[in-house]
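Results of the structural survey
The residues making up each chain are set out below.
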Protein chains: 4
Amino acid sequence: MRVNPDSAPAGGGSGRSLTTDARRTQIVTATIETVAELGYARASFAQIAKRAKLSSVRLISYHFEDKGDLFQALVGTVQETARAFMQPRIEARPEPAAQLSAYIEANLEFLAEHPVEVRALVDVLANARREDGSPLVSSTDFDAPVALLVEHLRNGQLSGDFRPFDAEAMATAIRASIDAAANRLSAVDDFDARAYGRELVTLFSLATRNVEAK
Amino acid sequence: MRVNPDSAPAGGGSGRSLTTDARRTQIVTATIETVAELGYARASFAQIAKRAKLSSVRLISYHFEDKGDLFQALVGTVQETARAFMQPRIEARPEPAAQLSAYIEANLEFLAEHPVEVRALVDVLANARREDGSPLVSSTDFDAPVALLVEHLRNGQLSGDFRPFDAEAMATAIRASIDAAANRLSAVDDFDARAYGRELVTLFSLATRNVEAK
Amino acid sequence: MRVNPDSAPAGGGSGRSLTTDARRTQIVTATIETVAELGYARASFAQIAKRAKLSSVRLISYHFEDKGDLFQALVGTVQETARAFMQPRIEARPEPAAQLSAYIEANLEFLAEHPVEVRALVDVLANARREDGSPLVSSTDFDAPVALLVEHLRNGQLSGDFRPFDAEAMATAIRASIDAAANRLSAVDDFDARAYGRELVTLFSLATRNVEAK
Amino acid sequence: MRVNPDSAPAGGGSGRSLTTDARRTQIVTATIETVAELGYARASFAQIAKRAKLSSVRLISYHFEDKGDLFQALVGTVQETARAFMQPRIEARPEPAAQLSAYIEANLEFLAEHPVEVRALVDVLANARREDGSPLVSSTDFDAPVALLVEHLRNGQLSGDFRPFDAEAMATAIRASIDAAANRLSAVDDFDARAYGRELVTLFSLATRNVEAK
DNA sequence: TATGAATGAGCATTCATTCAT
DNA sequence: AATGAATGAATGCTCATTCAT
């Protein structure tokens, strides 16, 4: 759509200098704060520059090709942080049922520890769109966590740990229930993410377990 | 800050003429289409006027006090349509467990029949904010369906139909699972809302039922 | 510039019905209040209609040819009220020096009793302009009170009551000093218009009297 | 309600570049011309941009936070120019009576040399208001020249040079008489500001002097 | 690597006024 | 005598982005 005219490092690329990486991180961090506070729709370059104490909005355009590039970087950053946080917790529990519980708990724990990042991520995933109205973050990226969850649920069904159900529907409900916590955290003052996680664990254990099994 | 504009019919009130009501409906309908297509953030007066085939954006300002007024009208309209659709379906089933199933199914059925309205409603509820950043639709309005659901779940617990659980957490999960369908409908081409509804019915029946009972 | 298309009574004319006159008065009164409160620049038809509790701005357009016509009516109304109030007070004192004092005192007394009208009048006279930027109220209308004052001062000089001075300059200073009271009244909470009037009487008595005389 | 726009140089502050300062000056100058010609109410960004030959109205928003900021800059600029012009003239005459005469003459001389600036200043001071209707230029700023004059008059009374009178009332009359010249200059073609100044000097000398003194 | 300056398109909203009854 | 509905042209202002160092 647009070719970068500057000699800038904007394009995704790989060979980035240290200072550039630090700047990008700084800008993404400010973007996260801004989205969490004002919502995606009101998160303008001007607002972000203000929060990041940047001398000029130009610095954002310099380091990111366009707004889409910036928000994709945000999504990538938070998703990677989340993955790094959750993966060991989940992999520590090999059996399907335990792993599902670990998945839910890890998500809610991450939310409890990184509420700002999660709120920003959820908002961007739900609302960021291109000029033509299509979602900014490709449906596959968006569904990546759900797709993994679906696969995991199907494995549990094959092993007989989970009852037969539509794995996609179940995964959708699980992710939606988890993501809802981000909104509750904003709206309800004393919302306890971990307690909500424990309720979800029980809820989805009952909903998925195979009573006939073993 | 802002004073009443022209002596227009804008402010809500009761005594509105037929022509005015027709116009308001026409504009709200166009707004629903616009939000469903472009998202709340991109739903400008110009886009709405285009879809409503209005001669001037001024007609919107004439019939609605401001943007907030328009979106509140949208929310009110869709919520009322939804209520009229779902209430009889839910009240036809008095027992707690059956009523919960009816609640879920009615919601998904409504979504299947009014996908555009629901998508617009969910988007506006999630994203519409005032200038100061506060949600346009008051948190209580927003939570009204959840609050009713909570009460309903607690009644089921008292009657022994439902197991003990945190009713607020359960209600949050149920609503989130239902609302997620609106997004799936946009993202997935052949998404079957009714089938998803049946899965949710089973899911939440297992998750709520009291095995010790009766 | 513009011919009235409606069959309305808008054009100045003479043969106006009673209801029409009552309506015009009601609208002018509301305009006075609006200008006093918001200033000329912010006194829109919408604001005036709101204060006059008119059902539609259309009523204003119906009774007045355009905005200029309305504000000219305002000026005429207030000036006539002021003249009716002040003329007897001034004419009661035939000698030049006493008459000048009466002129000043009558003006300030009128201000004290009709602060809203005077503030509106001063604002409109100072700021109302046509589309091309020329003053709405013709310079001669505007200067009418000053012109009378000039003549009066010159008579006093001929009779030997006043010292020789530039009558126009003196008249300008007198009127400006009087009109300034309207602004002080808005800005200063406990401004005493009558006390200010007494100070002006002394001030301009000393400034105009002919010490060599008699 | 309103957050800082682009990370522009708009906010006042100190560290402004040369180019920016030149632009700001250019815009303020064009604003002065526009206000003098069309009046405050009609001095829109579009009109100002036209007179400043700017490529876009956006340049104004870029260099000034909002309209209020621009007009405050205008007031500051003209007041500073006026102060620099008048202060040495006034301070050159230490005795109260002479100083008052110098004050009046300096004001009228400044008007004669900078009629456009003064007309704009008087118009903005009288009419510029915030959204809520409060004066844009704080009452204290506005009254600053009057307050100084009051103090000066009181000193003259203590020293016995001036007769007893209400210093505030006298100061109000003096300033009003001076400011009226700006309007006369617009309305009357051959108005002679310096001659008017000399008349005011005589007028207020007679009105303030202490006949019993010395 | 960074930046100050500039820009045109778009935003919601207000304006006085006119059309049609 | 009154009025509900409509309207196009402005308003101040924000947007992401580009130019030129």
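All residue numbers refer to positions counted from 1 along the written sequence of the respective chain. Written order decides the labels, with chains lettered from A and ligands numbered from 1. The predicted origin of the model limits local features to residues at a pLDDT of at least 70 and limits the giving and counting of side-chain atom pairs to 80 or more, whereas totals for whole chains, interfaces and linings rest on all residues. The basis for every side-chain value is the complete set of non-hydrogen atoms in the structure, without hydrogens or water.

As for the packing of helix α5 (residues 96-113) of chain A against helix α9 (residues 193-208) of chain A
All names here are of chain A.
- Here, axes are lines fitted to C-alpha atoms. For helices the fit covers the stretch in contact, and angles between N-to-C directions go from 0 to 180 degrees. Helix and strand assignments come from DSSP, with helices taken as H or I runs of at least 4 residues and strands as E runs of at least 2, each series counted from the N terminus. Running from amino to carboxyl end, α5 crosses α9 at an angle of 160°, the nearest separation of the two axes being 9 Å. On the basis of their axis angle, the class for α5 and α9 is roughly antiparallel. Read as a crossing pair, α5 and α9 show a hand that is right-handed. For the pair α5 and α9, the contacting residues are L100, S101, I104, E105, L108, E109, L111, A112 and E113 in the first and A193, R194, Y196, G197, R198, L200, V201, F204, S205 and T208 in the second.
- In the scheme used here, Gly and all other residues not listed as nonpolar or charged are polar, with Ala, Val, Leu, Ile, Met, Phe, Trp, Tyr, Cys and Pro taken as nonpolar and Asp, Glu, Lys and Arg as charged. Grouping the amino acids of the contact of α5 with α9 by side-chain chemistry returns 10 nonpolar, 4 polar and 5 charged. An angle below 35 degrees is treated as roughly parallel, one above 145 as roughly antiparallel, one from 65 to 115 as roughly perpendicular, and anything else as oblique. By convention the crossing between two helices is left-handed if the near helix lies anticlockwise of the far one by an angle smaller than a right angle, and right-handed if it lies clockwise. Here a residue-residue contact requires only that any non-hydrogen atoms of the pair lie within 4.5 Å.

A word on the interface of chain A and chain B
- Contacts between the two partners involve 33 residues from chain A and, on the opposite side, 33 residues from chain B.
- Buried area is understood as the total, over both parts, of accessible area removed when two parts are fitted together, assessed with a 1.4 Å probe. Counting each side, the surface lost to burial between chain A and chain B is near 2600 Å², with a carbon and sulfur contribution of 54%.
- Its largest share of buried area at the contact with chain B, chain A owes to R129, R184 and L203 of chain A, together 20% of the area lost on that side.
- When a carboxyl oxygen of Asp or Glu lies within 4 Å of a side-chain nitrogen of Lys or Arg, that pair is called a salt bridge. Between the two partners, chain A and chain B, sit 3 salt bridges.
- A salt bridge links D123 of chain B to R129 of chain A, with the nearest nitrogen and oxygen atoms 3.9 Å apart.
- At the level of secondary structure, the elements contributing two or more residues to the side of chain A that touches chain B comprise α1 (18-38), α6 (115-127), α7 (139-158), α8 (167-187) and α9 of chain A.
- In terms of residue count, α8 of chain A provides more of the side of chain A that touches chain B than any other element does, 9 residues in total.

Digging into the side chain of S177 of chain B
- Relative to the helices and strands, S177 of chain B is located in helix α8 (residues 167-187).
- We call a residue buried when its accessible area falls under 20% of the maximum for its residue type, exposed when it is over 50%, and partly exposed in between, using a 1.4 Å probe and counting protein chains only. Since its relative accessible area comes to 0%, S177 of chain B is described here as buried.
- Residues adjacent in sequence count toward polar contacts only when both atoms are side-chain atoms; beyond that, a polar contact is any pair of N or O atoms within 3.5 Å, and within protein one must be able to donate a hydrogen and the other to accept it. Within the structure, S177 of chain B has its side chain in polar contact with the side chain of S177 of chain A (distance 3.5 Å).
- Other than its neighbours up to four places away in sequence, S177 of chain B contacts A173, A176 and S177 of chain A together with Y196, L200 and F204 of chain B.

Side note on the relation of the copies chain A and chain B
- Superposing copies: least-squares fit, C-alpha atoms only, residues required to have pLDDT of at least 70 in both. The operation relating chain A to chain B is a screw motion whose rotation component is 179°, with 0.2 Å of axial translation and a residual RMSD of 0.3 Å. The relationship between the two copies is best expressed as a two-fold rotation axis.
- Both copies contact each other with a shared surface, as 94% of the interface residues of chain A are interface residues in chain B too.

A short note on unusual backbone geometry
All names here are of chain A.
- Backbone geometry at K53 places phi at a positive 55°, although glycine is not the residue there.
- Here K53 is to be found in the loop between α2 (45-51) and α3 (58-63).
- Here K53 falls in the exposed class, since its relative accessible area comes to 74%.

What about the packing of aromatic side chains?
- Aromatic rings from Phe, Tyr and Trp, taking only the six-membered ring of Trp, are treated as a pair when their centres fall within 6.5 Å; an angle between ring planes under 30 degrees marks them as stacked, one over 60 as edge-to-face, and anything in between as tilted. Applying the stated rule across the entire model yields 16 aromatic pairs over all chains.
- Here Y40 of chain C and F71 of chain C contribute two aromatic rings whose centre-to-centre distance is 4.9 Å and whose plane-to-plane angle is 65°, an arrangement assigned as edge-to-face. Note that Y40 of chain C is positioned in the loop between α1 (18-38) and α2 (45-51) and F71 of chain C in helix α4 (residues 67-91), a separation of 31 residues in sequence.
- Judged by relative accessible area, which is 12%, Y40 of chain C ranks as buried.
- Under the relative-accessibility criterion, F71 of chain C is labelled buried at 1%.
- For K67 of chain B, the ring lying beneath its charged end belongs to Y40 of chain B, and the centroid distance is 5.7 Å. Only Lys NZ and Arg CZ are tested; either one counts as a charge over a ring when it is within 6 Å of the ring centre and within 35 degrees of the ring normal.

As for helix α4 (residues 67-91) of chain B
Residue and element names in this part refer to chain B.
- For a helix, the expected span equals 1.5 Å multiplied by the number of residues minus one. Taking 1.5 Å of rise per residue, 25 residues should cover 36 Å, and α4 covers 35 Å from first to last C-alpha, within 8% of that figure.
- The largest bend in α4 comes to about 25°, at F85, with the proline P88 one to four residues further on.
- Residues of α4 that are buried include every one of G68, D69, L70, F71, A73, L74, V75, V78, A82, F85, M86 and I90, and no others. The angle separating two fitted axes, one through the seven residues that finish at a residue and one through the seven that start at it, defines the bend at that residue.

Notes on the pattern of salt bridges
- Enumeration according to the criterion identifies 26 salt bridges over all chains in this entry.
- With its nearest N and O atoms 2.8 Å apart, the salt bridge here joins R83 of chain A to E80 of chain A. Separated by 3 residues within a single helix, R83 of chain A and E80 of chain A lie in helix α4 (residues 67-91), roughly one turn from each other.
- Among the residues examined, R83 of chain A registers a relative accessible area of 37% and is labelled partly exposed.
- Between E113 of chain B and R194 of chain B there is a salt bridge, and its shortest N-O distance comes to 3.7 Å. With E113 of chain B in helix α5 (residues 96-113) and R194 of chain B in helix α9 (residues 193-208), this residue pair connects regions lying 81 residues apart in the sequence.
- Taking the relative accessible area as the measure of exposure, E113 of chain B reaches 44% and is therefore partly exposed.
- On the basis of relative accessible area, R194 of chain B is assigned to the partly exposed category, the value being 38%.

By themselves, these are just geometric observations and shouldn't be taken as functional.
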